[in-house]
Amino acid sequence: MPKQGELWKNYAAYAQLVSALLPRAVGITLFETNGEVRWTSLTSVEPALPPMVRDALAQDSSGDGVRIQVGSNEPAYLFWLQDATDKISAVLAVMWKQGENEQRTFSYVHSMLRPVLECLQRELKLQKMLDEHSPGDDSEADERDGDLDVLLATSGGSGADASDNDVQLLLQSVTNHMNCEFAALVVPERNLVMVAKAEGRPVDTGILARLHRPLLSLTMVRNAAVALNAPDALPGMNLPLRALCTPIRNATGRAAGLLALFRSHKAPEFRQREQQLAELLARRAASIVESSYDALTGLLTRDAFDRRARALLVPRTDGRKTLWTNLYIDADRMHVINDNFGMHTGDKLLAKLGELIRARLVPGSLAARISGDRFSILLPTGADDAMTFGEALRAGVESFGATQLSGGQPGNYSASVSIGVAPLSDAGLDLAHAHAVAETACKAAKDRGRNRVELYQASDVSIIRRNEDVELAPSLRTAIAENRLRLHAQLIAPLRDPSAPTHFELLLRMIDETGEEVGPGRFLSAAVRYQLMPAVDRWVVQEAVRVLKPHAGLLANRPVAFTVNVSGQSLCDESFEEFVVDQISKSGINPRVFCFELTESAAIANLARAEKVMKHLRDLGCSIAMDDFGTGLSSLAYLRALPIDMLKIDGSFVRDVLKDPRAESMVQAIAQLARSMKLTTVAEFVETDEIRLHVASLGVDYGQGFAISRPAPLQNTINELPQYEDATRRQQLDTAALGPNDDTLLRIEKILENYDHSESTLYQPAAARAR
């Protein structure tokens, strides 16, 4: 055997690492389990230390090791090093400075040395496997050292730390070490084929295309390394090269691919020792494949993609600019295909998408499946070429039909993807930034109907809105947590019957970090996009109850209602209904004070749920309003099914009622329909006195807008309720003085004239409020 220190001379590197990590450590010694010294960095080993190692192993060999005291002031830290069977095969002793007052705990030293211990343990395992596979005399030492060098060179990382580049390194190392023409890794279930050729030799790798199927079949049947040294070793075929095929096993132990080494017939035959080395290399390759390639699509995992991208995006030393573009791909409506055809069909779609991406990748590009139905591609091209690539990919996915994906089952669903494109040149080769803006562009593509390719442009309104939402979402979360939201109320005034109950819509404001008030137009989009509306709606209900509760007596017998908006997200939250009922029931407030407002689109999109919630709230005593009425596609069909008290006519019709006959007809038709169904109508966006008078003449019951009243803090509105009652009484007296045959418009004008002199600030014409 080689002299001590020759075969193990690389242990000096471990001593240097220990010294760098723990400057107070004076040296290391590697012991056999019987206490014999295998290697040491010290000039001499304390005679008492070997027996202490044996005693420590005998007393407690569990855990990671133990701290012992060699002398009165000389601690040593012993670490158990295990072999492939988890048995302790060696002991590493780390000596501490004599007399050092700041002695460290074992757990601290172990945590500091963990990387060193893992590397050393891996090296010992590899050496032992080679020794067991290749027992021999001193003449084989150099060959074993070469085998060990190959194994160590290709075992730098494991699991999440493994780089997909390690596969290429492994193939190139084994090709050079074993004097092969070329080496190949083929893993069909990962759609992976990689080849490394011998340096300086003309090699026909087309041999692999002709032989890979029979070689795969043979390897999977044998499930062990197979040496094919003779030209006729493979039945029915003439082998132009010697071949050594080793199975690549997946996590279940099944052969999923092969590592194939090819050598000229003029070179020596593959021996048993080389088969054993190939087995070890195949295990390493399997570990890399498992951690770097997605099992379903055969594309890189996100971690492997990021590692390779960082290596590619290093700026050129010659100063030349490199064009790179990132594509973010999102499969549209995957939940639809999963629900209609099953999860296996959804997986089939993703696998086909991965196959399509791999088939169309240009040389030098990268592609990864970064999450369930999302993919990322890095192309060495400019934005124009990337858009062309993305459009071709989109068209290719569009050709996937539901029948094709579901194995012939009937269906009318067409697969599609939304793609965002972002050039890295604008991001200074910052992949993280390019990925983020490509994702933003992809979401803009979804906003615009899906199944399209969008290029990131900073001036794009949709993208600007998304960027603002991204920035506002954390502020909104903080504002909810810190109670920096405020409630305002806007009057919904009766236009035709002064004795009708008055309504106020509760509107939301946010106080930002600087103390400025922010309107809902700025932050509600972020709340909807990032699923914060349930939290916002709960805050509104809770705050409304808190403010109104002290005035429960004042509100008990007054014909007034406060309208609370309910989002579609809260409508789908089954706990929200119980939350509202609990808040109102415990408050002591008359439930008739509350009117809950849902948008038409939210109600129709969740019809069964909306009907249940509305009915429950109606049974409690609350009223229900439907907002934005007239904008949906099925308004009339569902109107009978929902227990509604009030229809709020969408402001787009009201705003144009004086200049668009169609808008005027729509307002009048909705008012007549509502009257026939005994429903109350509200015209939103009443911005001028002319609009107010006109919608009243069309039969609308209530008006809401700046021509009637501007929003004010909820507490101020409650304080002014007695003033409003006085104004209402005067209005009722004025109405009674009019004859029953007076023209409706004249009645309204006469009533409104009274408010020019009213002290109330709640209900006055615009001219009076201006004064």
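In the block above lies the structure referred to throughout.
What you see is a predicted model; the values in this text were computed from it and never measured.

Enquirer: How should the packing of aromatic side chains be read in this particular structure?
Expert: In this description, a pair of aromatic rings is defined by centroid distance and the angle of the planes. Summed over the entire model, instances satisfying the criterion amount to six aromatic pairs. Residues Tyr77 and Trp96 carry aromatic rings whose centres are separated by 5.5 Å and whose planes lie at 70° to one another, so their mutual orientation is edge-to-face. With Tyr77 in strand β4 (residues 74-82) and Trp96 in strand β5 (residues 88-96), the pair connects residues that are 19 residues apart, well separated along the chain. Classification of Tyr77 by relative accessible area gives buried; the value is 0%. Judged by relative accessible area, which is 2%, Trp96 ranks as buried. Lying across the ring of Phe270, Arg263 places its NZ or CZ 4.2 Å from the centre.

Enquirer: I'm lost on the packing of helix α9 (residues 334-341) against helix α10 (residues 343-360) in this one. Help?
Expert: Packed helices, taken two at a time, are described by the angle their axes make and the gap between the axes. Look at α9 against α10: their axes get within 6 Å of each other, and the N-to-C directions meet at 135°. On the basis of the axis angle, α9 is oblique to α10. Of the residues in α10, those in contact with Met334, Ile337, Asn338 and Phe341 of α9 are Met343, His344, Thr345, Gly346, Leu349 and Leu350. Of the residues contributing to the contact of α9 with α10, the split by class is six nonpolar, four polar and no charged.

Enquirer: Quick question: what am I supposed to make of the packing of helix α16 (residues 533-548) against helix α19 (residues 574-587) here?
Expert: In contact at an axis separation of 10 Å, α16 and α19 are set at 5° when each is read in the N-to-C sense. By the angle class used here, α16 and α19 are roughly parallel. Each of Asp537, Arg538, Val541, Gln542 and Val545 in α16 lies in contact with α19, whose residues at this interface are Ser575, Phe576, Phe579, Val580, Gln583 and Ser587. For the contact of α16 with α19, a count of residues per class yields five nonpolar, four polar and two charged.

Enquirer: Looking at this structure, how should I read the pattern of salt bridges?
Expert: When charged atoms on two side chains of opposite charge get close, those side chains can pair. In the structure shown here, the tally under the stated rule is 29 salt bridges. Through salt bridges with shared partners, one network takes in Asp330, Asp332, Asp373, Arg374 and Lys446.

Enquirer: Help me understand the pairing of strand β22 (residues 646-649) in this model?
Expert: Alternating positions in β22 separate into two faces, Met646 and Lys648 on one and Leu647 and Ile649 on the other, with burial throughout. In the sheet, strand β21 (residues 623-629) pairs with β22 via three bridges, with the strands oriented parallel. The partner of Ala625 across the bridge, within β22, is Met646. Of the pairings in the sheet, the one linking β22 to strand β23 (residues 680-683) comprises four bridges and is parallel in character. Paired with Ile649 across the strands is Ala683, a residue of β23.

Reading guide: rules and limits
Residues numbered from 1 in each chain as written. Predicted model: local features only at pLDDT ≥ 70, side-chain atom pairs only at ≥ 80, totals over all residues. Heavy atoms only, no water. Phe/Tyr/Trp six-rings, centres within 6.5 Å; stacked < 30°, edge-to-face > 60°. Helix = DSSP H or I, 4+ residues; strand = E, 2+ residues; numbered from the N terminus. Buried < 20%, exposed > 50% of the residue type's maximum accessible area, 1.4 Å probe, protein only. Lys NZ or Arg CZ within 6 Å of the ring centre and 35° of its normal. Axes fitted to C-alpha atoms, helices over the stretch in contact; angles between N-to-C directions. Parallel < 35°, antiparallel > 145°, perpendicular 65-115°, else oblique. Contact = heavy atoms within 4.5 Å. Nonpolar A, V, L, I, M, F, W, Y, C, P; charged D, E, K, R; others polar. Salt bridge = Lys/Arg side-chain N within 4 Å of Asp/Glu carboxyl O. Pairing = 2+ DSSP bridges.

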